[in-house]
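Overview (structure and organization)
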Amino acid sequence: MSHVPNINFFKATTGLKSWLFTLDHKRIGLMYLGFIWFSFFLGGIFALLLRLELLFPNGWFLTDRQYDQLFTLHGAVMVFLFIIPSIPASLGNFFLPIMIGAKDVAFPRLNLASFYIYVVGAVFGIGSMLIGAVDTGWTFYTPYSTSTDTAVITMTLAAFILGFSSILTGVNFLATVHNMRAKGMTWFKMPLFVWSLYATAVIQILATPVLGITLLLLILEKTINIGIFDPSLGGDPILFQHFFWFYSHPAVYIMILPAMGLMSEMISTFSRRSIFGYRFMAYSSIAIAIIAFLVWGHHLFVSGQSMYANMIFSFLTYLVAIPSGIKVFNWMATMYKGSLDLKTPFLYALAFIFLFTIGGVTGIFLAALAVDIHLTDTYFVVAHFHYVMVGGTVMAFIGGMHYWWPKMIGKMYNEYWARVACFLIFLGFNLVFFVQFIMGSKGMPRRYHTYLDQFQPLHAFSTYGSWVLGLGFLVMIIYLIHSIFYGEKAPANPWNGITLEWKTESPPVLENFDKVPEITHDPYDFAAVDGKKYE
Amino acid sequence: MASATSNLSLVHSGGVNFPLAVGEAAYRVDALYFFIYFLSAVTFFGIVGALIYFVIKFRRRPDHQIALNQMTHSTALEIAWTVIPLILVSIIFVWGYTAYLKNIVPSSDAKEMRAIGRKWSWTFEDPTTGLRTNNELVVPLHQPIRLIMSSEDVIHSLFIPNLRVKQDVLPNHYTTLAFTADRAGRYQIFCTEFCGDGHARMLANLVVLDDADYVKWQADQKAASSATLPLNELGKKVSTDQGCFSCHSVDGSKSIGPSWKGIYGANRQLVGGKSAKADDNYLRRAIVDPAAEITAGYAPMMPTYAGKLSDQEMAGIIEYIRTIK
Ligand SMILES: [Cu+2]
Ligand SMILES: [Cu+2]
């Protein structure tokens, strides 16, 4: 093996080409991080515009069609370009190999290929906006999607292509976890973030092809008129909904599992405490990955699905909720008697528990059949999934990004401004979405461009909140970019973490470690490290 | 009540969470909702309370740098917080399912009505009277209703917040919605499945009338529909409602029956070699006693409409046929 210079991965090679053709998982992870945040801000601008339009009951600067296109793009960009790849493709790519003591992922070239496939998918998706953006909602329900004259084919093609990127990343991670662990890194010495990425990869590989096939069938129906979903051609529109949610419900767990993994890392490190119920946490990730495939029908409670099917899907939905609840309790138990360091990443972890609990309990309302009938397709559902996806995944993602920012970039961000941003984001988020629960249970349907006058004060309140939320993100971008250029140099281990990524320099050296680390203790064994005798 | 012109406000009626409940289904939904609400509040405040306590109590301080213990698991605790939630959600599941069944299964004495959705309006019909209304569903108070729904184009969904009922309306399949309203008044109906540009304007009203008002409403409707329309338009409407156009065209093309185009005043060849001039009386006979004179070239397929049409309507149809030249 050739000798690798002991030099940080930023400086090892330079120039644009050294990035575009890199096979280093860290660089690929960072490039993903850039694109993913770009997508987030694009989707975020759409969201701000939507809220602004909803300030008045009859709209004021968009046509019906433009509004429909905007909420579709907001959903499609946030789901396909941002939240599905978010944690695995960026932080996962960067840290999965390091955390198991590997030099890289199992297939570095494939990794770069997934990145470019993602870029191509993004180009298609964003390109579709220029040639007549879709107005179907990100769910593309038939027969509306087969009858609209907007660019459904381009956008579904984008989702189809992005699916491949997701599948390939999943394959790569599975292979990496199976084959690349350092000596002594047994399965139960793996950090929980790695476990969660493993479970996520399983879902990505098993579920994403179903979406691909479904979208392909939709495209075939639209182009050569074979009747699959469109009743006027002899198809069944509800079949589309089954196929679609067979992917898209498990996709919810593609979004949340890695976030839960990050939570375990941050809570353990900032509590200086071994994680409570490690094995249970690892197994529950796998349990979620399996049960997640059996609950898609809860999106079809009012579609005309049989009441027995509804009964079974309702029951299974409760089952999948239990492991998530257990995780929350285990994090709490981890904090108990810990030494809690209230740094920004930990504040995001606290925000996660707060918001995700609201997202979780409101899910219980929606799984209760009788109650769901009233609440489905209202703002209650909109609020619920934003509490889970933003309150859960996005909080953990931002927290994780701060947690590892010093490691990835080698610079410290400004702690004061980071806390200010965290507070604004937390506050703004609640202002936008909490009131939407009430709007929903009061009867306000979702995807409405215009609404009854009586809902105006509630809508306006939500819109004002969106400005606070937007401001929070603005502050965040400013101090993060500032830190890249002017930040203090980060030490190798700013938070005194004990997983492997803290044993290499910040930023890591070219092949991650000068010398492959020895695995001497469990990932969260603070007792061993702190040397104090615990009873 | 029948005189109220605007719908009961959703935001300003009922409590903080719901619009006013006006039927059994709604009471069941609300009861379960508040049960879950209570459990959720206990869970949420329990968790947040503990978080705040931990943050204050175990916050890192100069004299508290490392954790006080490193407990890695506790089987008893883990079983407790698996089993207790499992029991609670099982209760909610059974409650949710049984309430759902009661809500969707119509009672045996339910009055059947039809709803048809299209981009972007609703039509409701009472098949027993043939009364048809657009964007307004009128039902008697306390009367169980079973709506049989279908769509002419994409998927829609019919949602009545005050009754807490909702059901998708499909293009290839009938779906049904059961409800009983126990308070007279006007209520909002929404479309809740995205269906394009006019989705947010695909609104309708539910009008619940007590018996006296309902009878009066029906009479008014009948009178209005016959009194206000010009005769030939009334004829066109009645022909449409009665389904004449499934067998007759107005453009001269032959269907199951002869086209109406140009028949008024013409000489008609009948089976048996006779012929007759199609004047008002001929046409009237053709409608109330079609078997008496069969037009040559056609099978005696036309049902009789004796007793189904008022004099006014009959006159309307004949007048309408006269205008089709
Ligand atoms: Cu789901
Ligand atoms: Cu609609």
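Heads up: the structure comes first, above all this text.
A brief look at the structure comes next. (Residues numbered from 1 in each chain as written. Chains lettered and ligands numbered in written order. Predicted model: local features only at pLDDT ≥ 70, side-chain atom pairs only at ≥ 80, totals over all residues. Heavy atoms only, no water.)

1. Here we look at the overall build of chain A
Each helix and strand in chain A was counted, giving 17 helices and zero strands. In terms of C-alpha radius of gyration, chain A reaches 23 Å, essentially the compact-globule figure of 24 Å for 535 residues. Its C-alpha atoms give chain A principal-axis dimensions of about 65 × 45 × 45 Å. Put simply, chain A has 535 residues, and 67% of those count as buried. (Helix = DSSP H or I, 4+ residues; strand = E, 2+ residues; numbered from the N terminus. Rg over C-alpha atoms; globule rule 2.2 N^0.38 Å. Buried < 20%, exposed > 50% of the residue type's maximum accessible area, 1.4 Å probe, protein only.)

2. Thoughts on the pairing of strand 9 (residues 185-191) of chain B
Burial analysis of strand 9 of chain B places seven of its seven residues in the buried class, the great majority of the element. Burial of the side chains of strand 9 of chain B extends over both faces: B:G185, B:Y187, B:I189 and B:C191 are buried on one face and B:R186, B:Q188 and B:F190 on the other.

3. Things to note about the nonpolar core
Residues A:F352, A:I353, A:M408 and B:F179 are the most contacted members of the largest nonpolar core, which totals 250 residues. The greatest single-element share of this core, amounting to 19 residues, is contributed by helix 14 (residues 379-409) of chain A. Once you skip the residues sitting within four places of it in the chain, A:F352 turns out to touch A:I256, A:A259, A:M260, A:M263, A:W331, A:T357, A:G391, A:G392, A:T393, A:M395 and A:A396. One finds B:L234, B:V238, B:W260 and B:I317 within the second-largest nonpolar core, a separate group that totals 19 residues. (Core = buried A, V, L, I, M, F, W, Y, C linked by side-chain atoms within 4.5 Å. Contact = heavy atoms within 4.5 Å.)

4. Digging into the packing of aromatic side chains
With the rule as written, the count across this model stands at 87 aromatic pairs over all chains. Consider the rings of B:W122 and B:F124, whose centres lie 6.4 Å apart with planes at 15°: the pair is stacked. With relative accessibility at 0%, the residue B:W122 sits in the buried group. Through a chain of ring-to-ring contacts, three or more aromatic side chains come together here, namely A:F9, A:F10, A:W19, A:F94, A:F95, A:F193, A:F270, A:F346, A:Y403, A:W404, A:W495 and A:W502. If you follow A:R27 out to its NZ or CZ, it ends over the ring of A:W19, 4.4 Å from the centre. The side chain of B:R114 reaches across the aromatic face of B:Y174, ending 5.5 Å from its centre. (Phe/Tyr/Trp six-rings, centres within 6.5 Å; stacked < 30°, edge-to-face > 60°. Lys NZ or Arg CZ within 6 Å of the ring centre and 35° of its normal.)

5. Description of the pattern of salt bridges
All told, the structure shown has 21 salt bridges over all chains when counted by the stated rule. Note that A:R65 and A:D135 form a salt bridge whose closest N and O atoms lie 3.3 Å from each other. Pair noted here: A:R65 is in helix 3 (residues 64-83) and A:D135 is in the loop between helix 5 (108-130) and helix 6 (144-147), with a separation of 70 residues, a long-range link. Residue classification places A:R65 among the partly exposed positions, given a relative accessible area of 26%. A relative accessible area of 0% places A:D135 in the buried class. For B:D197, the salt bridge is made with A:R65, and the minimal N-O distance between the two is 2.9 Å. (Salt bridge = Lys/Arg side-chain N within 4 Å of Asp/Glu carboxyl O.)

6. Structural notes on the sheet that holds strand 3 (residues 131-134) of chain B
Residue and element names in this part refer to chain B. Strand order in this open sheet of five strands is 3-2-1-5-8, and the pairing throughout is mixed. At either end of the open sheet lies a strand with only one pairing partner, and these are strand 3 and strand 8 (175-179). Pairs of neighbouring strands in the sheet enclose a mean axial angle of 25°, with direction left out of account. Note: strand 5 (residues 145-151) against strand 8, five bridges, orientation antiparallel. Bridge assignment links I148 to a residue of strand 8, and that residue is T176. (Pairing = 2+ DSSP bridges. Axes fitted to C-alpha atoms, helices over the stretch in contact; angles between N-to-C directions.)

7. Describing the environment of A:K343
Along the chain, the position of A:K343 falls in the loop between helix 11 (307-335) and helix 12 (344-367). Along the backbone, A:K343 and A:T63 are 280 residues apart, and their C-alpha atoms lie at a distance of 45 Å.

8. Some points on the coordination of the copper ion (ligand 2)
Residues and elements named next belong to chain B. In the first shell of the copper ion (ligand 2), the protein supplies C191 (SG), E193 (O), C195 (SG) and H199 (ND1), at 2.1 to 2.6 Å from the metal. Geometry at the copper ion (ligand 2) is tetrahedral, judged from its four donor atoms and the angles of 88 to 132° they form at the metal. Counting along the primary sequence, the residues that act as donors to the copper ion (ligand 2) give the motif C-x1-E-x1-C-x3-H. Classification of E193 by relative accessible area gives buried; the value is 6%. (Donors = N, O, S within 2.8 Å, 3.2 Å for Na, K, Ca; no water. Tetrahedral: all angles 85-135°; square planar, octahedral: opposite > 155°, others 65-115°.)

9. With respect to helix 5 (residues 280-288) of chain B
Residue and element names in this part refer to chain B. For helix 5, the set of buried residues is Y282, L283 and I287. All buried residues of helix 5 lie within an arc of 130° about the axis, which places them on one face of the element. Contacts made by the buried residues of helix 5 are with strand 11 (267-269), strand 12 (275-277) and helix 6 (311-323). (Arc of directions from axis to C-beta.)

10. Side note on empty space enclosed by the protein
One way to see where empty space is left: roll a probe the size of a water molecule over the atoms. Residue and element names in this part refer to chain A. Considering all chains together, one arrives at nine cavities of 30 Å³ or more under this definition. In this structure, the largest cavity spans a volume of roughly 150 Å³. Forming the boundary of the largest cavity are 16 residues, of which F80, I84, P85, L162 and S166 lie nearest the centre. Counting only elements with at least two residues in the lining of the largest cavity, the list comes to helix 4 (86-99), helix 7 (152-179) and helix 8 (192-224). Among the elements that take part in the lining of the largest cavity, helix 7 stands out by supplying six residues, more than any other. Here the lining of the largest cavity is built from residues that sort into 11 nonpolar, five polar and no charged. As for the second largest cavity, its lining consists of 14 residues, of which M185, L500, I519, H521 and P523 are closest to the centre. (1 Å grid on protein atoms, 1.4 Å probe; cavity = no way out; pocket = protein on both sides within 12 Å on 5 of 7 lines; lining within 4 Å. Points joined across faces, edges and corners; volume = space filled by probe spheres on them. Nonpolar A, V, L, I, M, F, W, Y, C, P; charged D, E, K, R; others polar.)

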